[in-house]
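Summary of structural features
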Amino acid sequence: MSTAAPPLTWLYAPGDRPSVVQKALASGADVVIVDLEDAVAPDRRAYALAATAELLADPQPVPVHVRIHAPRDIPCLASLPGLVALRVPKVTHATDIARIVELSRGLPLYPLLENAMAVEHAYAIATAHPSVHGIALGEADLRADLGVREDSGLDWPRSRVVVAARAAALPPPVQSVHPDVGDLDALAAGCARGRAMGFLGRTAIHPRQLPVIERAYLPTAEEIAAAEEVVKAAETQEGALALPDGRFVDAAVVTGARRVLALAARRA
């Protein structure tokens, strides 16, 4: 059994700038997120929605998600062949998902948790409906809500979201954006911390951030070797697995090893 490699790079592009969206589609990002919310001025939201609907009238070369501004955006988008999923900002309660589900025609939903109450309800939101395919933090708004200045002040909310996603049998969440596009060293360090906490991949706001994110989340040679050992044992033994060094591993460890090898294939 193989495990498909999950996306690692998710690139935001403002919906009111079609030329930027086209560049994002050609950037090599695993997923492009057309933004109708924070990146668009209020007086340009109608144009952004119309331009995005025009773009998504046709299938696109990479998966495209749309971060909506409000539920009223959804009817213009839900049936378009180029749209893969919706990112839903400012979800606070599981009940917030119900109205979105009614409008979204079965599209995968990715709620964004952007305040303290949302973090408290992370598991309830993650399990609110089968259409929820993932959850993530909106860290800029969360920082403001919590009054957090130091990055370490978000460690607990980050861990909470990781645990909630995995408890709900959702993929590991994707890290929030690093807003300083010029500081790639800080981006790499932040990705390393996020990976250690259980995140998988990161959203970006500029194409130059994509290679840094991918390098940070690709497995090391040591991790690949360890995963190969686990998978080999799983293919040759039944029941409990014993590695040559005496360690025992279970099904969850085997699944994780297969994910590592799927990610390693991206190096080719």
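This text goes with the structure placed above it.
Fair warning: this is a prediction, and the values are worked out from it, not measured in the lab.

Tallied over the entire structure, the rule returns 14 salt bridges. Here Arg67 and Glu37 are joined by a salt bridge, their closest N and O atoms 3.5 Å apart. Of the two residues, Arg67 sits in strand S3 (residues 64–67) while Glu37 sits in the loop between strand S2 (31–35) and helix H2 (45–55), which places them 30 residues apart along the sequence. Each member of the pair, Arg67 as well as Glu37, is classed as buried. Arg158 serves as the salt-bridge partner of Asp151, at 2.8 Å between the closest nitrogen and oxygen. Note on Asp151: relative accessible area 27%, which makes it partly exposed.

Across the two faces of S3 the burial is the same, with Val64 and Val66 and His65 and Arg67 all buried. Judged from the 4 bridges that link them, S2 and S3 form a sheet pairing that is parallel. What sits directly across from Val34, in S3, is Val66. Remark: the S2/H2/S3 crossover connection has right-handed handedness.

Attention now moves to the side chain of Ser104. Structurally, Ser104 can be placed in helix H3 (residues 96–104). Residue classification places Ser104 among the buried residues on the basis of a relative accessible area of 0%. Ignoring any residue separated from it by four or fewer positions in sequence, one finds Ser104 in contact with Ile74, Ala78, Leu86 and Leu109.

Turning our attention to the layout of surface pockets. Roughly 720 Å³ of volume is contained in the largest pocket. Taken together, 38 residues form the lining of the largest pocket, with Ser176, Val177, His178, Pro179 and Ile205 sitting closest to its centre. For the lining of the largest pocket, the secondary structure elements donating two or more residues are strand S1 (9–14), helix H1 (18–25), helix H6 (139–146), helix H8 (184–197) and strand S7 (202–204).

A few words now on the sheet that holds S2. Spatial ordering of the open sheet is given by S6-S5-S4-S3-S2-S1-S7, a layout of 7 strands whose pairing is parallel. At either margin of the open sheet sits one strand with a lone partner, and together these are strand S6 (136–137) and S7. Of the strand pairs in this sheet, strand S4 (residues 85–88) and strand S5 (residues 109–113) are connected by 3 bridges, and their pairing is parallel. Looking across to S5, one finds that Val88 is bridged to Pro111.

Conventions used here
- Residues numbered from 1 in each chain as written.
- Predicted model: local features only at pLDDT ≥ 70, side-chain atom pairs only at ≥ 80, totals over all residues.
- Heavy atoms only, no water.
- Salt bridge = Lys/Arg side-chain N within 4 Å of Asp/Glu carboxyl O.
- Helix = DSSP H or I, 4+ residues; strand = E, 2+ residues; numbered from the N terminus.
- Buried < 20%, exposed > 50% of the residue type's maximum accessible area, 1.4 Å probe, protein only.
- Pairing = 2+ DSSP bridges.
- Right-handed = clockwise from strand over helix to strand, strands pointing away.
- Contact = heavy atoms within 4.5 Å.
- 1 Å grid on protein atoms, 1.4 Å probe; cavity = no way out; pocket = protein on both sides within 12 Å on 5 of 7 lines; lining within 4 Å.
- Points joined across faces, edges and corners; volume = space filled by probe spheres on them.

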